[in-house]
Every structure is written in structure tokens, then in C-alpha cells.
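# Structure assessment
Listed below are the residues making up each chain.
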Amino acid sequence: ITCPGVLLKDKQELYLSVFVLGQYKKTQCVPAKFPLFFQEKLVFEKAFANTVDPGDLLKLLEFDTAVLELIQLVPPVGKVLATYEENTRDFLFPDPKLTRGHRGLEREILMKRSPSFT
């Protein structure tokens, strides 16, 4: 995660929180210095019972929301610095012009800064 020209005043570690397909996972913590590097995979699996047609599956994914949050471990409960929210279909299957390299392996997304992140 990059944030050019930004120094974090709080030095507590950060992690990425991910909520997709009704499942929540988070990365390991990293030092509070940009750029942030999360060197791990988060695996989400879900079976869609009674769904046979791929078009129906895509419609179901449109009604699900993928949420990513960049969180710093500032006491007492942590501080959300930035968020990204999009329907799961568009998150998993982005428009080809937004991808670079091998489709699905590398993505660039723009997170929205939290009002508390100055």
C-alpha cells in the first residue's frame, strides 16, 4: 500500500482487514511506514448451493459487498485509516483496463481516506 509523502504520526503497526463472501480475515501486522507490504495470501471459499447458471452466480455476487480496511493498532480499539468498498462481482472480476500483469494476481485499487486520517 502506498501513500506518497505521508508519514504516520502514530507508530503502532497496521493490518489490512478484508470482508468478502460473508467471511472476515486480516493480515499480519506490518510496521507503520509507507509503503506497506503484506506478503501473504488470504483465501476465501464459499459454495453457492442450488446455483447452476453462472449468470445467477454473478447476480448473487453483485448483491454481496467486499470491504477492505487499513487499520492501525491505536488504542483502545484501533483506527481505520482508509477503506475500500465495492460489490463482490466487480471486486473479483474487475474491468480488464484496471488490471496489470497476470489477471487476478495483481490489482490496483484506490482506498478512500478516513476523515480521522489527516
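Reference entry: report on the structure contained in this document.

Parameters at a glance
- Residues numbered from 1 in each chain as written.
- Predicted model: local features only at pLDDT ≥ 70, side-chain atom pairs only at ≥ 80, totals over all residues.
- Heavy atoms only, no water.
- Helix = DSSP H or I, 4+ residues; strand = E, 2+ residues; numbered from the N terminus.
- Buried < 20%, exposed > 50% of the residue type's maximum accessible area, 1.4 Å probe, protein only.
- Polar contact = N/O pair within 3.5 Å; in protein donor to acceptor, adjacent residues only side chain to side chain.
- Contact = heavy atoms within 4.5 Å.
- Pairing = 2+ DSSP bridges.
- Phe/Tyr/Trp six-rings, centres within 6.5 Å; stacked < 30°, edge-to-face > 60°.
- Lys NZ or Arg CZ within 6 Å of the ring centre and 35° of its normal.

## Considering the side chain of Ser114
Looking at the secondary structure, you find Ser114 in the segment after strand E5 (112–113). Taking relative accessible area as the criterion, Ser114 reaches 14% and is therefore assigned buried. From its side chain, Ser114 meets the backbone oxygen of Val80 in a polar contact 3.1 Å long. The contact partners of Ser114, leaving out residues within four places of it in the chain, are Val80, Leu81 and Ala82.

## Some remarks on the sheet that holds strand E4 (residues 79–87)
The five strands lie next to each other as E2-E1-E3-E4-E5, forming an open sheet whose pairing is antiparallel. Each edge of the open sheet is held by one strand with a lone partner, namely strand E2 (23–26) and E5.

## A few points about the packing of aromatic side chains
One pass over the full model with this rule turns up one aromatic pair. Geometrically, the ring pair formed by Tyr84 and Phe91 is tilted, given 6.0 Å between the ring centres and 50° between the ring planes. Positioned above the aromatic ring of Phe44, the side-chain terminus of Lys25 is 5.2 Å from the ring centre.

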